[in-house]
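Architecture at a glance
The primary structure of each chain is shown beneath.
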Amino acid sequence: MAELGSHHLATRTLPLAGHHGGSSVVRLEAAPPAARLSLRARAEDVAALSASLGISLPVKPKTSVCVNGRTALWLGPDEWLVIDEDHGGLLQAATDSGVLHSATDVSHRNTAILVSGPGAAAAINGGCPQDLSLAVFPVGACSRTLFGKVEIVLLRTAEDAFRVEVWRSFSDYAFGLLAAGAQDAALSA
Amino acid sequence: MLLIHCPYCEEDRSELEFRWGGEAHIARPENIAAISDEEFTEFFFLRNNEKGLTYERWRHIHGCGRFFNAARDTVSDKFLLTYKADLPKQPIAAVEEALAAAQDKVVETWEQTEGDAR
Ligand SMILES: [Zn+2]
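Our subject in this report is the structure included herewith. (Residues numbered from 1 in each chain as written. Chains lettered and ligands numbered in written order. Predicted model: local features only at pLDDT ≥ 70, side-chain atom pairs only at ≥ 80, totals over all residues. Heavy atoms only, no water.)

Before going further, it helps to spend a moment on the sheet that holds strand E2 (residues 27–30) of chain A. Pairing between the strands of a sheet is mediated by backbone hydrogen bonds and can be parallel or antiparallel. All names here are of chain A. Read across the sheet, six strands follow the order E1-E2-E8-E11-E10-E9 without closing on themselves; strand pairing throughout is antiparallel. The open sheet has two edge strands, strand E1 (20–22) and strand E9 (142–147), and neither has a second partner. Sheet twist, expressed as the mean angle between neighbouring strand axes with direction ignored, is 30°. Strand contacts of helix H4 (residues 171–188): E1, E2, strand E8 (110–116), E9, strand E10 (150–158) and strand E11 (161–167), with the helix running at about 10° to E8, the strand carrying the most contacts. (Pairing = 2+ DSSP bridges. Helix = DSSP H or I, 4+ residues; strand = E, 2+ residues; numbered from the N terminus. Axes fitted to C-alpha atoms, helices over the stretch in contact; angles between N-to-C directions. Contact = heavy atoms within 4.5 Å.)

Glancing now at the coordination of the zinc ion. Coordination of the zinc ion by the protein involves Cys6(B) (SG), Cys9(B) (SG), His60(B) (ND1) and Cys64(B) (SG), with metal-donor separations of 2.0 to 2.4 Å. Coordination geometry of the zinc ion: the four donor atoms subtend angles of 103 to 118° at the metal centre, consistent with an arrangement described as tetrahedral. (Donors = N, O, S within 2.8 Å, 3.2 Å for Na, K, Ca; no water. Tetrahedral: all angles 85-135°; square planar, octahedral: opposite > 155°, others 65-115°.)

What follows deals with helix H1 (residues 46–53) of chain A. All names here are of chain A. All buried positions along H1 are accounted for by Val46, Leu49, Ser50 and Leu53. Each buried residue of H1 sits inside an arc of 100° when the element is viewed along its axis, so together they form one side. When the buried face of H1 is taken as reference, the exposed residues oriented beyond 90 degrees from it are Ala47 and Ala51. Those residues of H1 hidden inside the fold are in contact with strand E3 (35–40), strand E5 (70–76), strand E6 (79–84) and helix H2 (90–96). Phi turns positive, to about 70°, at Gly54, one or two residues after H1. (Buried < 20%, exposed > 50% of the residue type's maximum accessible area, 1.4 Å probe, protein only. Arc of directions from axis to C-beta.)

With that out of the way, let us pick up the interface of chain B and chain A. The parts lose accessible area when they come together, and the size of an interface is often stated as this lost area. Between chain B and chain A, the residue contacts involve 15 residues of the former and 17 residues of the latter. Across the chain B/chain A interface, buried area totals approximately 1100 Å², and carbon plus sulfur atoms make up 50% of it. Note that Lys62(A) is salt-bridged to Glu11(B), the shortest N-O span being 3.0 Å. At the boundary of chain B with chain A, the tally comes to nine residue pairs in polar contact (both at pLDDT 80 or more). Partitioned by chemical class, the residues of the side of chain B that touches chain A number six nonpolar, four polar and five charged. (Buried area = accessible area lost by both parts, 1.4 Å probe. Salt bridge = Lys/Arg side-chain N within 4 Å of Asp/Glu carboxyl O. Polar contact = N/O pair within 3.5 Å; in protein donor to acceptor, adjacent residues only side chain to side chain. Nonpolar A, V, L, I, M, F, W, Y, C, P; charged D, E, K, R; others polar.)

A few words on the packing of aromatic side chains. Residues and elements named next belong to chain A. In total, this model carries nine aromatic pairs over all chains according to the counting rule given. An angle of 40° between the planes, with centres 6.5 Å apart, marks the rings of Phe137 and Phe162 as tilted. Note that Phe137 is positioned in the loop between helix H3 (120–125) and E9 and Phe162 in strand E11, a separation of 25 residues in sequence. Residue class for Phe137 comes out buried when judged on its relative accessible area of 0%. (Phe/Tyr/Trp six-rings, centres within 6.5 Å; stacked < 30°, edge-to-face > 60°.)

Here we come to the pairing of E10(A). All names here are of chain A. Two strands pair when backbone bridges link them, and E9 and E10 are joined in this way by six bridges, in the antiparallel orientation. When the sheet's bridge partners are listed, Thr145 is paired in E10 with Ile152. In textbook terms, the turn of a hairpin is the stretch between consecutive antiparallel strands, and for E9 and E10 this stretch comprises two residues, one of which, Gly148, has a positive phi near 60°. Pairing of E10 with E11 involves six bridges; the strand directions are antiparallel. Bridge assignment links Ala158 to a residue of E11, and that residue is Ala161. The hairpin formed by E10 and E11 contains two residues between the paired strands.

Of all residues except glycine, most have a negative phi; of all peptide bonds, most are trans. We note that Asn68(A) has phi near 50°; this positive angle belongs to a residue other than glycine. Relative to the assigned elements, Asn68(A) resides in the loop between strand E4 (64–67) and E5. A positive phi angle, close to 65°, is found at Asp77(B), a residue other than glycine. You can call Asp77(B) partly exposed: its relative accessible area is 40%.

To continue, consider the environment of Ala93(A). Residues and elements named next belong to chain A. Turning to its location among the elements, Ala93 is positioned in helix H2. Here Ala93 falls in the buried class, since its relative accessible area comes to 9%. Considered as a pair, Ala93 and Leu53 are 40 residues apart in the sequence and their alpha carbons are 5.4 Å apart. What Ala93 contacts, discounting residues up to four positions off in sequence, is Ser52, Leu53 and Arg70.

To continue, consider the pattern of salt bridges. One pass over the structure, following the stated rule, counts 16 salt bridges over all chains. Between Arg36(A) and Glu165(A) there is a salt bridge whose closest N-O contact spans 2.7 Å. Taken as a pair, Arg36(A) in strand E3 and Glu165(A) in strand E11 lie far apart in primary sequence, 129 residues in all. With respect to burial, Arg36(A) and Glu165(A) carry one shared label: buried. Across the pair Arg13(B) and Glu17(B) runs a salt bridge, and its minimum N-O distance is 3.0 Å. By the burial criterion, Arg13(B) is buried, and Glu17(B) matches it.

Shown next, in the form of structure tokens:
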């Protein structure tokens, strides 16, 4: 975060500021701000980018790697979403790799909703067609997919916890649909 | 829900994540400026619109984002085979094998599992 110093700047309002919700089986929270990179590269350049980012970019579909608050999510055969919850510096690290790649800072394009509790998977399945059973979508699994009418990137962070990455302008909708899914999950629990 | 096998994600995923991308294996002319209007019409506008076995491009747009190819039966809507975009047109024999293998499995339909069959 930039140092504000003595300058008088407008207060930054986060996309889901003040949102909270859930049910007896699901907790919904807005995730704190994080640095995010949309990264694309060819297979032969993955090793150099991994070394520079300090995280081994996953090459197996639907998998992620998490090291020291930095997470790399496989989105496609040449595409990753890299999230850093602590420090940032992702764009510089990618540049320092010296290999051909495309990196776009999407820190402010996305926001994230943390969904946890025994009804978390059921709440997400209220709008997402993926099989979220632990056998098919284990801890660490991630995927770009649909949630209702918006695209999301879903990451399972624990058996009963998910991170839902969503574009900020869609986040109101995603939070609302998750809240409805959380209510339904409580009814069927 | 119709499931489509993505050759890049290596699993069956909901049709909601996919978009149809038109007929597959249409080669762009080597020198497009040299072809006649009739040849251009054939290349650019005319499609076979087969009834039955057809080869199509599909895109896993809300998943991995990749284009791939599919052999599909337009009568039954059954996907016979999907394969990566850089592979040549898969021979009918391979498609028929896939079809035979698929018929050996119990095919779940919406009517059987969720619908009201009365
Ligand atoms: Zn895919």
